[in-house]
Amino acid sequence: GYCNTNFTQANFDNCLKLETLNLGGLINAKRSFDFSPNLYLKELYTRGSGVTGVTFARRGRLERAKLNALKSLAMQELYRLTELTMPTFQELTSLRIGGCDAVDTAAMVTQAQGLTHVRLTGVEWSMEDASVLRRLAACRGWDDDGRETPTAVVTGSCHVQKLTQEDLDALT
């Protein structure tokens, strides 16, 4: 496939009508991309690139995102999203998701053992034990205004099949 070693950075802030973007093959683009201004972005492809993080526009028109393994991912209120794929979630250290029903956040946090910052709103999880919740309890997070908090922010519901007193003590 295509490989461009010269491309290292770009800014898409002024591409307000951008609908589709393929950054695949840009192996030296080892940075995060902020698509917050790109409300019309419908499709993003980063497979085969060096992209390390993506922030999507809140309430944007995103429908499909085929991403490489990222370190950070932020997406809020993407109601049109039907497809989000990543080869693995193990690289994730920062995760901010809310209002994205098509995203399996439970699978993400289960695989992402190295998470340090988490904000997940509206979760509906069912888990066998509290191991993931205990790991999340050790993370930092963000409040509604984007300010860092000393603990992860996770809202919604989670059914845990096996919960010990030790788990309860660690989570409260």
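Just above, that's the structure.
Residues numbered from 1 in each chain as written. Predicted model: local features only at pLDDT ≥ 70, side-chain atom pairs only at ≥ 80, totals over all residues. Heavy atoms only, no water.

**Re the sheet that holds strand β8 (residues 94–98)**
Strand order in the open sheet formed by six strands is β2-β4-β6-β8-β9-β12, with parallel pairing between adjacent strands. Looking along the sheet, the strands with just one partner apiece sit at the ends: β2 (32–35) and β12 (153–162). Pairwise comparison of adjacent strand axes, ignoring direction, gives a mean angle of 25 degrees for this sheet. Bridge count for β2 against strand β4 (residues 53–56) is four bridges, and the pairing is parallel. Bridge pairing in β4 links F33 to V54. (Pairing = 2+ DSSP bridges. Helix = DSSP H or I, 4+ residues; strand = E, 2+ residues; numbered from the N terminus. Axes fitted to C-alpha atoms, helices over the stretch in contact; angles between N-to-C directions.)

**A look at the side chain of H117**
Within the secondary structure, H117 sits in strand β9 (residues 117–129). Among the polar contacts made by the side chain of H117, one reaches the side chain of T116 at a distance of 3.0 Å. Dropping the residues within four chain positions of it, H117 is found in contact with T93, S94, L95, C139, R140, W142 and E148. (Polar contact = N/O pair within 3.5 Å; in protein donor to acceptor, adjacent residues only side chain to side chain. Contact = heavy atoms within 4.5 Å.)

**Some words on the pairing of strand β6 (residues 72–76)**
The element β6 is extensively covered by neighbouring structure, given that five of its five residues are classed as buried. What you see with β6 is no split at all: S72, A74 and Q76 on one side and L73 and M75 on the other are buried throughout. As defined by bridge partners, β4 adjoins β6 across three bridges and the pair is classed as parallel. Paired with G53 across the two strands is S72, which belongs to β6. Sheet topology note: the β6/β8 ladder contains five bridges and is parallel. Opposite S72, over in β8, you have S94 as the bridge partner. (Buried < 20%, exposed > 50% of the residue type's maximum accessible area, 1.4 Å probe, protein only.)

**Concerning the sheet that holds strand β1 (residues 20–22)**
What the four strands build is an open sheet, ordered β1-β3-β5-β7; its pairing is parallel. Either end of the sheet is taken by a strand with one partner, and the two such strands are β1 and β7 (83–85). Neighbour to neighbour, the strand axes of the sheet diverge by 5 degrees on average, direction disregarded. In this structure, strand β3 (residues 43–45) lies alongside strand β5 (residues 64–66), joined through three bridges in parallel fashion. Bridge pairing in β5 links Y45 to K66.

**Structural notes on the nonpolar core**
Counting residues in each nonpolar core, the largest one holds 46 residues, and the members touching the most others are F56, L73 and M75. For this core, the elements supplying multiple residues, two or more each, are β2, β4, β6, β8, α1 (105–111), β9 and α2 (131–137). When residues in this core are grouped by element, the largest group, five residues, is from β9. (Core = buried A, V, L, I, M, F, W, Y, C linked by side-chain atoms within 4.5 Å.)

**Digging into the pattern of salt bridges**
Inspection of the entire model under this criterion finds eleven salt bridges. In this structure, E83 and R64 form a salt bridge, with 2.9 Å as the shortest nitrogen-oxygen distance. Of this pair, E83 sits in strand β7 while R64 sits in strand β5, and the two are 19 residues apart along the sequence. For E83, a relative accessible area of 23% translates into the label partly exposed. Owing to a relative accessible area of 27%, R64 belongs among the partly exposed residues under this scheme. Here K66 and E83 are joined by a salt bridge, their closest N and O atoms 3.7 Å apart. Residue K66 is found in strand β5, and its partner E83 is found in strand β7; the two are separated by 17 residues along the sequence. Using a relative accessible area of 29% as the deciding quantity, one classes K66 as partly exposed. Salt bridges here are not isolated pairs; linked through shared partners, they connect E43, R64, K66 and E83. (Salt bridge = Lys/Arg side-chain N within 4 Å of Asp/Glu carboxyl O.)

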